[in-house]
Amino acid sequence: MSANTEPGAKRTGRLGTRGSAESRKWWTLAAVSLAAFMTYLDNNIINVAIPTIQRDLHLSVSGLEWVVSSYLLTLAGLLLVGGRLADVFGRRRLFLAGMALFTVSSLAAGLAGSGAVLIASRAVQGVGAALLMPTTLAIIMATFTNPRQRNAAIGIWAAVGALALALGPVLGGLISQHLHWGWIFLINVPVGVITFAIAALYVSESRDDSARRTLDLPGLVTSALALFALTYALIEGGTRGWTSPLILGAFALAAVAAATFGVIETRTQNPMVDLAMFRRREFSGGTGTMMIWSFGILGIYFFTSLYLQEILGFSPTRAGLAFVPMALCVAVFAAVAPRIEALAGAHRAVAAGMALMVVGLSLFARLGSQAGYDSLLPGFMLFGAGAGLMNVPLTNAVMVSTPAARAGVASALLNASREVAGLLGITVIGAVLRTRQSGALRDGVRAVPAFVDGYHAGLYLTIALLALGVIVSYVTLRPRPGAATPIRESAALADLTIVDEAAGELISE
(Lines give C-alpha, C1' and ligand atoms only; values in the text may rest on other atoms or scores of the structure.)
Protein backbone atom coordinates (compact mmCIF):
# COMPACT_ATOMS: atom_id res chain seq x y z
CA MET A 1 0.00 0.00 0.00
CA SER A 2 1.30 3.48 -0.81
CA ALA A 3 1.94 6.14 1.75
CA ASN A 4 -0.92 8.21 0.35
CA THR A 5 -3.74 5.73 0.70
CA GLU A 6 -6.85 6.70 -1.22
CA PRO A 7 -9.53 7.43 1.37
CA GLY A 8 -12.17 5.45 -0.42
CA ALA A 9 -10.20 2.23 -0.52
CA LYS A 10 -11.39 -0.76 1.48
CA ARG A 11 -8.75 -1.25 4.14
CA THR A 12 -8.42 -2.71 7.60
CA GLY A 13 -10.68 -0.88 10.00
CA ARG A 14 -13.32 0.09 7.42
CA LEU A 15 -16.82 -1.35 7.50
CA GLY A 16 -17.05 -2.54 3.91
CA THR A 17 -18.49 0.14 1.66
CA ARG A 18 -20.65 1.72 4.33
CA GLY A 19 -20.95 5.45 3.71
CA SER A 20 -19.27 7.50 1.04
CA ALA A 21 -15.55 8.01 0.62
CA GLU A 22 -16.04 11.71 1.31
CA SER A 23 -17.79 11.18 4.62
CA ARG A 24 -15.02 8.80 5.69
CA LYS A 25 -12.47 11.53 5.09
CA TRP A 26 -14.26 13.88 7.45
CA TRP A 27 -14.82 11.22 10.09
CA THR A 28 -11.09 10.61 9.91
CA LEU A 29 -10.53 14.33 10.43
CA ALA A 30 -12.89 14.23 13.42
CA ALA A 31 -10.80 11.46 15.01
CA VAL A 32 -7.42 13.16 14.57
CA SER A 33 -8.84 16.53 15.64
CA LEU A 34 -10.24 15.03 18.84
CA ALA A 35 -6.83 13.46 19.49
CA ALA A 36 -5.15 16.84 19.00
CA PHE A 37 -7.71 18.38 21.34
CA MET A 38 -6.89 15.89 24.08
CA THR A 39 -3.12 16.30 23.85
CA TYR A 40 -3.24 20.10 23.67
CA LEU A 41 -5.70 20.23 26.57
CA ASP A 42 -3.53 17.99 28.71
CA ASN A 43 -0.58 20.32 28.18
CA ASN A 44 -2.17 23.22 30.05
CA ILE A 45 -5.27 22.12 31.98
CA ILE A 46 -3.17 21.02 34.94
CA ASN A 47 -1.47 24.37 35.61
CA VAL A 48 -4.36 26.04 37.44
CA ALA A 49 -5.08 22.89 39.49
CA ILE A 50 -1.50 22.49 40.76
CA PRO A 51 -2.11 24.04 44.26
CA THR A 52 -5.13 21.78 44.84
CA ILE A 53 -3.17 18.67 43.83
CA GLN A 54 -0.31 19.65 46.12
CA ARG A 55 -2.61 20.00 49.13
CA ASP A 56 -4.50 16.78 48.46
CA LEU A 57 -1.49 14.54 47.81
CA HIS A 58 0.89 16.34 50.22
CA LEU A 59 3.50 16.78 47.51
CA SER A 60 6.81 18.57 47.89
CA VAL A 61 7.65 21.36 45.47
CA SER A 62 9.93 18.99 43.56
CA GLY A 63 7.22 16.33 43.36
CA LEU A 64 4.73 18.91 42.17
CA GLU A 65 7.08 20.03 39.39
CA TRP A 66 7.41 16.47 38.18
CA VAL A 67 3.64 16.08 37.93
CA VAL A 68 3.94 18.56 35.06
CA SER A 69 7.43 17.73 33.85
CA SER A 70 7.08 13.93 33.58
CA TYR A 71 4.51 14.40 30.81
CA LEU A 72 6.63 16.91 28.91
CA LEU A 73 9.78 14.81 29.29
CA THR A 74 8.40 11.61 27.76
CA LEU A 75 6.38 13.51 25.15
CA ALA A 76 9.30 15.54 23.81
CA GLY A 77 11.78 12.69 24.17
CA LEU A 78 9.78 10.14 22.19
CA LEU A 79 8.11 12.24 19.48
CA LEU A 80 10.66 11.31 16.80
CA VAL A 81 10.45 7.66 17.80
CA GLY A 82 6.66 7.79 17.51
CA GLY A 83 6.84 9.42 14.08
CA ARG A 84 9.21 6.81 12.69
CA LEU A 85 7.26 3.91 14.16
CA ALA A 86 4.14 5.31 12.49
CA ASP A 87 5.83 5.57 9.08
CA VAL A 88 7.21 2.03 9.26
CA PHE A 89 4.47 0.05 11.03
CA GLY A 90 1.39 2.07 10.08
CA ARG A 91 -0.07 5.38 11.18
CA ARG A 92 -3.51 4.00 11.99
CA ARG A 93 -1.96 1.28 14.15
CA LEU A 94 0.17 3.76 16.09
CA PHE A 95 -2.77 6.17 16.42
CA LEU A 96 -4.94 3.48 18.01
CA ALA A 97 -2.11 2.31 20.28
CA GLY A 98 -1.35 5.86 21.37
CA MET A 99 -5.01 6.65 21.98
CA ALA A 100 -5.49 3.50 24.08
CA LEU A 101 -2.36 4.24 26.13
CA PHE A 102 -3.29 7.90 26.61
CA THR A 103 -6.85 7.06 27.68
CA VAL A 104 -5.91 4.32 30.15
CA SER A 105 -3.13 6.44 31.70
CA SER A 106 -5.57 9.37 32.01
CA LEU A 107 -7.87 7.08 33.99
CA ALA A 108 -4.96 6.07 36.23
CA ALA A 109 -3.95 9.73 36.74
CA GLY A 110 -7.50 10.74 37.62
CA LEU A 111 -7.79 7.99 40.22
CA ALA A 112 -4.25 8.40 41.62
CA GLY A 113 -4.05 8.43 45.39
CA SER A 114 -0.37 9.26 45.69
CA GLY A 115 2.17 11.50 44.06
CA ALA A 116 4.19 8.54 42.76
CA VAL A 117 1.19 7.05 40.94
CA LEU A 118 0.23 10.44 39.49
CA ILE A 119 3.76 11.16 38.23
CA ALA A 120 4.06 7.68 36.69
CA SER A 121 0.64 8.02 35.03
CA ARG A 122 1.61 11.41 33.62
CA ALA A 123 4.80 9.92 32.17
CA VAL A 124 2.78 7.19 30.45
CA GLN A 125 0.39 9.86 29.16
CA GLY A 126 3.40 11.51 27.54
CA VAL A 127 4.32 8.24 25.83
CA GLY A 128 0.77 7.93 24.49
CA ALA A 129 0.84 11.53 23.26
CA ALA A 130 4.21 10.93 21.57
CA LEU A 131 2.60 8.12 19.58
CA LEU A 132 -0.53 10.15 18.82
CA MET A 133 0.76 13.58 17.84
CA PRO A 134 2.93 12.65 14.84
CA THR A 135 0.18 10.46 13.38
CA THR A 136 -2.49 13.17 13.33
CA LEU A 137 -0.88 15.32 10.64
CA ALA A 138 0.46 12.29 8.78
CA ILE A 139 -3.04 10.80 8.58
CA ILE A 140 -4.43 14.11 7.31
CA MET A 141 -1.76 14.25 4.60
CA ALA A 142 -2.48 10.66 3.55
CA THR A 143 -6.27 11.06 3.60
CA PHE A 144 -6.74 14.46 1.97
CA THR A 145 -4.90 14.28 -1.34
CA ASN A 146 -6.84 17.25 -2.76
CA PRO A 147 -4.81 20.38 -1.84
CA ARG A 148 -7.91 22.50 -1.21
CA GLN A 149 -9.47 19.94 1.11
CA ARG A 150 -6.13 19.28 2.80
CA ASN A 151 -5.69 22.98 3.60
CA ALA A 152 -9.19 23.13 5.05
CA ALA A 153 -8.57 19.96 7.07
CA ILE A 154 -5.36 21.35 8.55
CA GLY A 155 -7.24 24.56 9.36
CA ILE A 156 -9.91 22.64 11.26
CA TRP A 157 -7.26 20.55 13.03
CA ALA A 158 -5.41 23.72 14.12
CA ALA A 159 -8.64 25.44 15.19
CA VAL A 160 -9.58 22.50 17.42
CA GLY A 161 -6.13 22.63 19.00
CA ALA A 162 -6.62 26.34 19.66
CA LEU A 163 -9.93 25.67 21.37
CA ALA A 164 -8.13 23.24 23.66
CA LEU A 165 -5.67 26.00 24.54
CA ALA A 166 -8.63 28.23 25.40
CA LEU A 167 -10.52 25.66 27.44
CA GLY A 168 -7.53 24.27 29.37
CA PRO A 169 -7.10 27.04 31.96
CA VAL A 170 -10.86 27.58 32.25
CA LEU A 171 -11.67 23.90 32.78
CA GLY A 172 -8.70 23.51 35.12
CA GLY A 173 -9.91 26.42 37.25
CA LEU A 174 -13.54 25.30 37.35
CA ILE A 175 -12.69 21.68 38.14
CA SER A 176 -10.15 22.54 40.85
CA GLN A 177 -12.64 24.90 42.53
CA HIS A 178 -15.85 22.87 42.24
CA LEU A 179 -14.92 19.20 41.64
CA HIS A 180 -12.18 16.76 42.57
CA TRP A 181 -8.94 17.60 40.71
CA GLY A 182 -8.90 14.09 39.24
CA TRP A 183 -11.54 15.14 36.75
CA ILE A 184 -8.96 17.17 34.82
CA PHE A 185 -7.67 13.76 33.66
CA LEU A 186 -10.88 11.73 33.80
CA ILE A 187 -12.53 13.94 31.16
CA ASN A 188 -10.07 12.38 28.69
CA VAL A 189 -11.58 8.93 29.19
CA PRO A 190 -14.96 9.31 27.42
CA VAL A 191 -13.38 11.48 24.70
CA GLY A 192 -10.65 8.86 24.24
CA VAL A 193 -13.13 5.99 23.96
CA ILE A 194 -15.20 7.88 21.36
CA THR A 195 -12.10 8.86 19.40
CA PHE A 196 -10.78 5.29 19.42
CA ALA A 197 -14.10 4.00 18.10
CA ILE A 198 -14.24 6.57 15.28
CA ALA A 199 -10.64 5.86 14.28
CA ALA A 200 -11.17 2.09 14.34
CA LEU A 201 -14.13 2.45 11.97
CA TYR A 202 -12.98 5.12 9.56
CA VAL A 203 -9.21 5.73 9.53
CA SER A 204 -7.29 4.02 6.72
CA GLU A 205 -3.88 2.50 7.24
CA SER A 206 -0.92 4.21 5.59
CA ARG A 207 2.82 3.78 5.92
CA ASP A 208 6.16 4.22 4.19
CA ASP A 209 6.18 1.24 1.84
CA SER A 210 9.72 2.05 0.72
CA ALA A 211 11.02 1.21 4.19
CA ARG A 212 11.65 -2.30 5.38
CA ARG A 213 9.90 -3.42 8.53
CA THR A 214 13.09 -2.77 10.43
CA LEU A 215 14.04 0.15 12.60
CA ASP A 216 17.14 2.28 12.82
CA LEU A 217 17.67 1.36 16.46
CA PRO A 218 20.85 3.43 16.96
CA GLY A 219 19.00 6.42 15.51
CA LEU A 220 15.97 5.81 17.71
CA VAL A 221 18.09 5.54 20.86
CA THR A 222 20.33 8.55 20.19
CA SER A 223 17.45 10.82 19.13
CA ALA A 224 15.42 9.91 22.21
CA LEU A 225 18.47 10.35 24.45
CA ALA A 226 19.23 13.78 22.96
CA LEU A 227 15.66 15.00 23.39
CA PHE A 228 15.31 13.51 26.88
CA ALA A 229 18.55 15.14 28.06
CA LEU A 230 17.76 18.51 26.50
CA THR A 231 14.20 18.55 27.85
CA TYR A 232 15.41 17.52 31.33
CA ALA A 233 18.01 20.29 31.36
CA LEU A 234 15.45 22.91 30.32
CA ILE A 235 12.94 21.72 32.94
CA GLU A 236 15.37 21.39 35.87
CA GLY A 237 17.88 24.14 35.05
CA GLY A 238 15.96 26.88 36.83
CA THR A 239 15.66 24.82 40.01
CA ARG A 240 19.07 23.16 40.20
CA GLY A 241 21.05 26.03 38.68
CA TRP A 242 22.17 26.39 35.08
CA THR A 243 25.82 25.90 36.00
CA SER A 244 25.29 22.88 38.25
CA PRO A 245 27.20 19.74 37.20
CA LEU A 246 23.96 17.81 36.59
CA ILE A 247 22.48 20.40 34.22
CA LEU A 248 25.75 21.02 32.40
CA GLY A 249 26.11 17.26 32.06
CA ALA A 250 22.58 16.97 30.65
CA PHE A 251 23.31 19.66 28.06
CA ALA A 252 26.58 17.94 27.15
CA LEU A 253 24.86 14.57 26.83
CA ALA A 254 22.20 16.14 24.58
CA ALA A 255 24.89 17.66 22.35
CA VAL A 256 26.89 14.43 22.09
CA ALA A 257 23.78 12.33 21.44
CA ALA A 258 22.56 14.78 18.77
CA ALA A 259 25.95 14.75 17.04
CA THR A 260 26.05 10.96 17.17
CA PHE A 261 22.53 10.83 15.77
CA GLY A 262 23.58 13.04 12.85
CA VAL A 263 26.55 10.78 12.03
CA ILE A 264 24.38 7.65 12.25
CA GLU A 265 21.70 9.08 9.97
CA THR A 266 24.23 9.95 7.24
CA ARG A 267 25.66 6.42 7.20
CA THR A 268 22.71 4.07 7.62
CA GLN A 269 20.84 2.65 4.63
CA ASN A 270 17.44 3.13 6.25
CA PRO A 271 17.76 6.29 8.37
CA MET A 272 15.19 7.29 10.93
CA VAL A 273 15.33 10.90 9.69
CA ASP A 274 16.31 11.68 6.12
CA LEU A 275 18.57 14.67 6.72
CA ALA A 276 18.10 15.68 3.08
CA MET A 277 14.71 17.08 4.18
CA PHE A 278 16.55 19.96 5.83
CA ARG A 279 18.12 20.95 2.53
CA ARG A 280 14.75 22.22 1.38
CA ARG A 281 14.34 25.79 2.60
CA GLU A 282 10.58 25.28 3.03
CA PHE A 283 11.18 22.52 5.57
CA SER A 284 14.14 23.99 7.45
CA GLY A 285 12.81 27.56 7.35
CA GLY A 286 9.29 26.44 8.24
CA THR A 287 10.52 24.40 11.19
CA GLY A 288 12.60 27.36 12.37
CA THR A 289 9.57 29.63 12.09
CA MET A 290 7.52 27.13 14.11
CA MET A 291 10.16 27.22 16.83
CA ILE A 292 10.06 31.02 16.93
CA TRP A 293 6.26 30.93 17.12
CA SER A 294 6.25 28.33 19.89
CA PHE A 295 8.96 30.15 21.82
CA GLY A 296 6.79 33.26 21.81
CA ILE A 297 3.30 31.92 22.36
CA LEU A 298 4.10 29.33 25.04
CA GLY A 299 6.60 31.49 26.90
CA ILE A 300 4.34 34.53 26.98
CA TYR A 301 1.29 32.38 27.74
CA PHE A 302 3.00 31.07 30.88
CA PHE A 303 4.20 34.43 32.22
CA THR A 304 1.08 36.33 31.25
CA SER A 305 -0.83 33.94 33.53
CA LEU A 306 1.44 35.06 36.38
CA TYR A 307 0.99 38.71 35.38
CA LEU A 308 -2.81 38.40 35.40
CA GLN A 309 -2.97 36.69 38.79
CA GLU A 310 -0.05 38.16 40.75
CA ILE A 311 -0.10 41.73 39.42
CA LEU A 312 -3.66 42.39 38.24
CA GLY A 313 -5.27 40.25 40.96
CA PHE A 314 -7.31 37.96 38.69
CA SER A 315 -8.63 34.73 40.19
CA PRO A 316 -7.48 31.49 38.48
CA THR A 317 -10.82 31.10 36.71
CA ARG A 318 -10.93 34.73 35.60
CA ALA A 319 -7.33 34.51 34.39
CA GLY A 320 -8.26 31.45 32.35
CA LEU A 321 -11.26 33.24 30.89
CA ALA A 322 -9.04 36.17 29.88
CA PHE A 323 -7.24 33.89 27.42
CA VAL A 324 -10.46 32.77 25.72
CA PRO A 325 -10.71 35.72 23.26
CA MET A 326 -7.11 35.11 22.19
CA ALA A 327 -7.62 31.40 21.62
CA LEU A 328 -10.96 31.96 19.86
CA CYS A 329 -9.16 34.35 17.50
CA VAL A 330 -6.60 31.62 16.91
CA ALA A 331 -9.42 29.21 16.05
CA VAL A 332 -11.28 31.64 13.76
CA PHE A 333 -8.18 32.74 11.84
CA ALA A 334 -6.93 29.15 11.59
CA ALA A 335 -10.21 28.27 9.91
CA VAL A 336 -9.99 31.10 7.35
CA ALA A 337 -6.21 30.86 6.85
CA PRO A 338 -6.45 28.40 3.92
CA ARG A 339 -8.45 30.96 1.93
CA ILE A 340 -5.98 33.72 2.76
CA GLU A 341 -3.10 31.42 1.80
CA ALA A 342 -4.76 30.68 -1.53
CA LEU A 343 -5.08 34.38 -2.29
CA ALA A 344 -1.75 35.65 -0.96
CA GLY A 345 0.57 32.65 -0.76
CA ALA A 346 1.93 30.84 2.28
CA HIS A 347 4.94 33.12 2.68
CA ARG A 348 2.80 36.27 2.87
CA ALA A 349 0.17 34.68 5.12
CA VAL A 350 2.75 33.40 7.61
CA ALA A 351 4.72 36.66 7.60
CA ALA A 352 1.51 38.67 8.10
CA GLY A 353 0.53 36.42 11.01
CA MET A 354 3.90 36.90 12.67
CA ALA A 355 3.59 40.66 12.16
CA LEU A 356 0.16 40.69 13.84
CA MET A 357 1.66 38.84 16.80
CA VAL A 358 4.38 41.51 17.02
CA VAL A 359 1.73 44.25 17.12
CA GLY A 360 -0.27 42.38 19.77
CA LEU A 361 2.74 41.93 22.03
CA SER A 362 3.73 45.56 21.51
CA LEU A 363 0.35 46.56 22.91
CA PHE A 364 0.96 44.32 25.92
CA ALA A 365 4.36 45.91 26.48
CA ARG A 366 2.55 49.22 27.14
CA LEU A 367 0.43 47.82 29.99
CA GLY A 368 1.32 48.27 33.63
CA SER A 369 0.03 47.14 37.01
CA GLN A 370 -3.36 48.86 36.63
CA ALA A 371 -4.49 47.26 33.37
CA GLY A 372 -8.09 46.14 33.04
CA TYR A 373 -9.81 43.54 30.91
CA ASP A 374 -10.69 46.11 28.24
CA SER A 375 -7.06 47.16 27.84
CA LEU A 376 -5.92 43.51 27.64
CA LEU A 377 -8.38 42.58 24.91
CA PRO A 378 -6.80 44.28 21.83
CA GLY A 379 -3.38 42.72 22.43
CA PHE A 380 -4.88 39.30 23.14
CA MET A 381 -7.01 39.36 20.00
CA LEU A 382 -4.26 40.57 17.66
CA PHE A 383 -1.81 38.02 19.04
CA GLY A 384 -4.39 35.25 18.64
CA ALA A 385 -5.33 36.37 15.13
CA GLY A 386 -1.70 36.33 14.06
CA ALA A 387 -1.04 32.91 15.61
CA GLY A 388 -4.07 31.44 13.85
CA LEU A 389 -3.28 33.06 10.51
CA MET A 390 0.28 31.76 10.30
CA ASN A 391 -0.09 28.29 11.79
CA VAL A 392 -2.05 26.53 9.06
CA PRO A 393 -0.10 27.83 6.02
CA LEU A 394 3.14 27.12 7.87
CA THR A 395 2.13 23.57 8.75
CA ASN A 396 0.93 22.91 5.23
CA ALA A 397 4.10 24.35 3.64
CA VAL A 398 6.34 22.18 5.80
CA MET A 399 4.33 19.00 5.28
CA VAL A 400 3.91 19.48 1.51
CA SER A 401 7.68 19.93 1.15
CA THR A 402 8.19 16.48 2.70
CA PRO A 403 7.90 13.15 0.85
CA ALA A 404 4.57 11.55 1.73
CA ALA A 405 6.37 8.41 2.91
CA ARG A 406 8.10 10.47 5.61
CA ALA A 407 4.99 12.32 6.81
CA GLY A 408 5.11 10.74 10.27
CA VAL A 409 8.71 11.76 10.95
CA ALA A 410 8.10 15.23 9.45
CA SER A 411 5.11 15.71 11.73
CA ALA A 412 7.16 14.46 14.68
CA LEU A 413 9.98 16.90 13.88
CA LEU A 414 7.49 19.75 13.68
CA ASN A 415 5.89 18.78 17.00
CA ALA A 416 9.23 18.17 18.70
CA SER A 417 10.54 21.56 17.59
CA ARG A 418 7.38 23.15 18.99
CA GLU A 419 7.59 21.39 22.36
CA VAL A 420 11.30 22.03 22.89
CA ALA A 421 11.04 25.65 21.72
CA GLY A 422 8.10 26.17 24.08
CA LEU A 423 10.18 24.93 27.01
CA LEU A 424 13.06 27.10 25.81
CA GLY A 425 10.71 30.09 25.66
CA ILE A 426 9.61 29.59 29.26
CA THR A 427 13.25 29.15 30.32
CA VAL A 428 14.76 32.10 28.45
CA ILE A 429 11.92 34.56 29.01
CA GLY A 430 11.89 33.52 32.67
CA ALA A 431 15.63 34.17 32.96
CA VAL A 432 15.27 37.59 31.34
CA LEU A 433 12.29 38.42 33.55
CA ARG A 434 14.06 37.42 36.76
CA THR A 435 17.30 39.22 35.83
CA ARG A 436 15.50 42.46 35.06
CA GLN A 437 13.28 42.06 38.13
CA SER A 438 16.28 41.48 40.40
CA GLY A 439 18.07 44.51 38.99
CA ALA A 440 15.02 46.69 39.59
CA LEU A 441 14.69 45.43 43.17
CA ARG A 442 18.35 46.23 43.84
CA ASP A 443 17.69 49.75 42.56
CA GLY A 444 14.95 50.18 45.15
CA VAL A 445 11.94 49.54 42.89
CA ARG A 446 8.97 47.98 44.66
CA ALA A 447 8.01 44.34 44.00
CA VAL A 448 5.06 44.91 41.67
CA PRO A 449 6.76 47.44 39.35
CA ALA A 450 9.90 45.26 39.40
CA PHE A 451 7.92 42.26 38.14
CA VAL A 452 6.26 44.39 35.45
CA ASP A 453 9.70 45.61 34.33
CA GLY A 454 10.88 42.02 34.04
CA TYR A 455 7.71 40.98 32.21
CA HIS A 456 8.17 43.81 29.72
CA ALA A 457 11.79 42.77 29.15
CA GLY A 458 10.60 39.27 28.28
CA LEU A 459 8.02 40.77 25.93
CA TYR A 460 10.65 42.86 24.14
CA LEU A 461 12.81 39.77 23.58
CA THR A 462 9.86 37.88 22.14
CA ILE A 463 8.89 40.82 19.94
CA ALA A 464 12.42 40.90 18.49
CA LEU A 465 12.34 37.16 17.76
CA LEU A 466 8.90 37.30 16.15
CA ALA A 467 10.06 40.22 14.00
CA LEU A 468 12.93 37.99 12.86
CA GLY A 469 10.33 35.30 12.16
CA VAL A 470 8.54 37.67 9.75
CA ILE A 471 11.69 37.81 7.61
CA VAL A 472 12.56 34.11 7.93
CA SER A 473 9.08 32.95 6.95
CA TYR A 474 8.77 35.33 4.00
CA VAL A 475 12.15 34.35 2.57
CA THR A 476 12.03 30.58 3.12
CA LEU A 477 8.38 29.90 2.25
CA ARG A 478 8.15 32.00 -0.92
CA PRO A 479 7.39 29.99 -4.09
CA ARG A 480 10.32 28.69 -6.11
CA PRO A 481 10.80 30.11 -9.62
CA GLY A 482 8.88 28.02 -12.10
CA ALA A 483 6.83 26.32 -9.41
CA ALA A 484 3.18 25.56 -10.07
CA THR A 485 0.91 28.56 -9.64
CA PRO A 486 -0.91 28.33 -6.30
CA ILE A 487 -4.66 28.07 -6.13
CA ARG A 488 -6.06 31.57 -6.43
CA GLU A 489 -9.31 33.32 -5.75
CA SER A 490 -11.73 30.90 -7.39
CA ALA A 491 -10.35 28.02 -5.34
CA ALA A 492 -10.25 30.18 -2.24
CA LEU A 493 -13.92 31.03 -2.64
CA ALA A 494 -14.68 27.37 -3.19
CA ASP A 495 -13.08 26.64 0.20
CA LEU A 496 -16.06 28.37 1.81
CA THR A 497 -18.20 25.32 1.06
CA ILE A 498 -15.81 22.65 2.33
CA VAL A 499 -16.84 22.63 6.00
CA ASP A 500 -20.54 22.70 5.06
CA GLU A 501 -19.98 19.77 2.69
CA ALA A 502 -18.17 17.89 5.44
CA ALA A 503 -21.01 18.45 7.86
CA GLY A 504 -23.51 17.25 5.29
CA GLU A 505 -21.50 14.10 4.64
CA LEU A 506 -21.30 13.31 8.36
CA ILE A 507 -25.00 13.94 8.93
CA SER A 508 -26.00 11.75 5.99
CA GLU A 509 -23.71 8.92 7.14
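Worth saying up front: this structure is predicted, and the values here are computed from it rather than measured.

Caption draft 1: Just the nonpolar core, in detail. Core analysis: the largest hydrophobic core is formed by 122 residues, its most contacted members being Ile53, Phe95, Leu118, Tyr307, Leu308 and Leu376. Ignoring sequence-local partners within four residues, the contact set of Ile53 consists of Ile46, His58, Leu59, Leu118, Trp181 and Ile184. Membership of the second largest hydrophobic core comes to seven residues, among which are Val81, Leu131, Leu220 and Ala224.

Caption draft 2: The arrangement of empty space enclosed by the protein in detail. Going through the model one piece at a time under the given rule, you end up with four cavities of 30 Å³ or more. Roughly 170 Å³ of internal volume is contained in the largest cavity. Considering the residues around the largest cavity, the lining is formed by 16 residues, among which Tyr40, Ala158, Trp293, Asn391 and Arg418 are closest to the centre. Elements with a minimum of two residues in the lining of the largest cavity: helix 6 (147-178), helix 11 (281-311), helix 15 (373-400) and helix 16 (407-442).

Caption draft 3: Quick look at the packing of helix 13 (residues 324-344) against helix 14 (residues 346-364). Between helix 13 and helix 14, whose axes approach to 7 Å, the crossing angle comes to 125 degrees. One way to sum up the angle between helix 13 and helix 14 is to call them oblique. Judged by residue contacts, Ile340, Glu341 and Ala344 of helix 13 engage Ala346, His347, Arg348 and Ala349 from helix 14. Tallied by class, residues from the contact of helix 13 with helix 14 come to four nonpolar, one polar and two charged.

Caption draft 4: Representation of the side chain of Ser105 within the structure. Mapped onto the elements, Ser105 comes out in helix 4 (residues 91-110). A residue is classified by how much of its surface remains accessible, and Ser105, at 4% relative accessible area, is buried. Within polar-contact distance, the side chain of Ser105 engages the backbone oxygen of Phe102 at 3.0 Å. A polar side-chain atom of Ser105 sits 3.5 Å from the main-chain amide nitrogen of Gln125. Other than its neighbours up to four places away in sequence, Ser105 contacts Ser121, Val124 and Gln125.

What counts and how
- Residues numbered from 1 in each chain as written.
- Predicted model: local features only at pLDDT ≥ 70, side-chain atom pairs only at ≥ 80, totals over all residues.
- Heavy atoms only, no water.
- Core = buried A, V, L, I, M, F, W, Y, C linked by side-chain atoms within 4.5 Å.
- Buried < 20%, exposed > 50% of the residue type's maximum accessible area, 1.4 Å probe, protein only.
- Contact = heavy atoms within 4.5 Å.
- 1 Å grid on protein atoms, 1.4 Å probe; cavity = no way out; pocket = protein on both sides within 12 Å on 5 of 7 lines; lining within 4 Å.
- Points joined across faces, edges and corners; volume = space filled by probe spheres on them.
- Helix = DSSP H or I, 4+ residues; strand = E, 2+ residues; numbered from the N terminus.
- Axes fitted to C-alpha atoms, helices over the stretch in contact; angles between N-to-C directions.
- Parallel < 35°, antiparallel > 145°, perpendicular 65-115°, else oblique.
- Nonpolar A, V, L, I, M, F, W, Y, C, P; charged D, E, K, R; others polar.
- Polar contact = N/O pair within 3.5 Å; in protein donor to acceptor, adjacent residues only side chain to side chain.

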